[in-house]
Amino acid sequence: MPGSASTTFPIDRVLDHVRAAVQRFADAAMFELAAAGYRTVFHQLVGCVLSIRTRDEVSLPAALRLFARAPTPDALAALPPRTIDRLVHDVTFHARKARQVRDIARRTVDEFGGTLPCDPAILTTFAGVGPKCANLAFGIACGGAGISVDVHVWRVTNRWGFIAAATPEQAMSALERVLPRRYWVEINRLLVPFGKHICTGLRPRCSTCPVLAWCAQVGVTEHR
Ligand code: SF4
């Protein structure tokens, strides 16, 4: 079974502390996108594709620019890829993503009558959409329970010793075994800002971390 997981880690208490700690930071991009009114499966999926390997500070404004110009699948499907590319020019792999989001829009119109279904298995059939984006869209737009594991969720839960997973994909399987379902959507919302500002990739802020008492600090060799 890929990735191992701890069943004794006090996840409720740790997440309570993380929840309090991240209140002062900006929400993860997809949740901000939903708060801005773009909460459908289509909008969440397009926003998530744009966010891949791109900082929230860049991908969120790009998604908002794109939706301001083309707020519906029909409108986005009608835009030439070159125009989409210009609107999202600062995200990573923008030319490829421009084609991918246009394809999402076209298939949404042609195959699904303008409304994407709440089905992660269908959502992962789109080019550029993996389990992370499919689960996030499923969770935010549909209220479904799917764990979206990005680099922050993967890194932080490994450092805690809650799971031991070599890849984000393995982390998703491991978390599905030990994380209570009530946290499956929220974990991304909490650990993205926690990973960006506290449990950072390099030199995490362990000395002031609110969950130091429960953290195994796996793999942490240098910290602040
Ligand atoms: S104690 Fe350090 S390694 Fe553990 S969660 Fe906090 S910042 Fe991350």
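Residues numbered from 1 in each chain as written. Predicted model: local features only at pLDDT ≥ 70, side-chain atom pairs only at ≥ 80, totals over all residues. Heavy atoms only, no water.

### Structural notes on the layout of surface pockets
Here the largest pocket defines a volume of roughly 700 Å³. Taken together, 27 residues form the lining of the largest pocket, with Ile52, Arg53, Lys132, Asp150 and Val151 sitting closest to its centre. The set of elements that each furnish at least two residues to the lining of the largest pocket consists of α2 (29-35), α9 (131-142), α10 (151-160), α11 (168-178) and α12 (186-197). In terms of residues, the lining of the largest pocket owes the most to one element, α9, which gives four residues. Two domains each donate at least three residues to the lining of the largest pocket, and these are domain 1 (4-25 + 147-214) and domain 2 (29-142). (1 Å grid on protein atoms, 1.4 Å probe; cavity = no way out; pocket = protein on both sides within 12 Å on 5 of 7 lines; lining within 4 Å. Points joined across faces, edges and corners; volume = space filled by probe spheres on them. Helix = DSSP H or I, 4+ residues; strand = E, 2+ residues; numbered from the N terminus. Domains from an automatic or database assignment.)

### Let's talk about the pattern of salt bridges
Under the defined criterion, the tally for this structure stands at nine salt bridges. Between Glu186 and Arg19 there is a salt bridge, with its nearest N and O atoms 2.7 Å apart. Of this pair, Glu186 sits in helix α12 while Arg19 sits in helix α1 (residues 11-21); the two residues are 167 residues apart in sequence, bridging distant segments of the chain. The exposure class of Glu186 is partly exposed, given its relative accessible area of 21%. Owing to a relative accessible area of 25%, Arg19 belongs among the partly exposed residues under this scheme. One salt bridge in this structure joins Glu222 and Arg203, with 3.6 Å as the shortest N-O distance. One end of the pair, Glu222, is in the segment after α12; the other, Arg203, is in the segment after α12, with 19 residues separating them in the sequence. (Salt bridge = Lys/Arg side-chain N within 4 Å of Asp/Glu carboxyl O. Buried < 20%, exposed > 50% of the residue type's maximum accessible area, 1.4 Å probe, protein only.)

### Things to note about the state of the cysteines
Under the defined criterion, the tally for this structure stands at two disulfides. Covalently, Cys48 is tied to Cys133 through a disulfide, its sulfur atoms 2.2 Å apart. On the sign convention where negative means left-handed, the S-S torsion of about -80 degrees between Cys48 and Cys133 marks this disulfide as left-handed. Here Cys48, found in helix α3 (residues 41-51), pairs with Cys133, found in helix α9; they are 85 residues apart in sequence, far enough to count as distant. Looking at the protein chain, its bonded cysteines, counted consecutively from the start of the sequence, adopt the pairing 1-3, 2-4. (Disulfide = S-S within 2.5 Å.)

### Examining the site of the ligand
The environment of the ligand is made up of Arg159, Trp160, Phe194, Ile198, Cys199, Pro204, Cys206, Cys209, Val211, Leu212, Cys215 and Val220. In a pocket analysis with a 2 Å cut-off to the grid points, the ligand is assigned to the largest cavity. For the shell around the ligand, a count of residues per class yields 11 nonpolar, no polar and one charged. (Near = heavy atom within 4 Å. Sits in = over half its atoms within 2 Å of the grid points. Nonpolar A, V, L, I, M, F, W, Y, C, P; charged D, E, K, R; others polar.)

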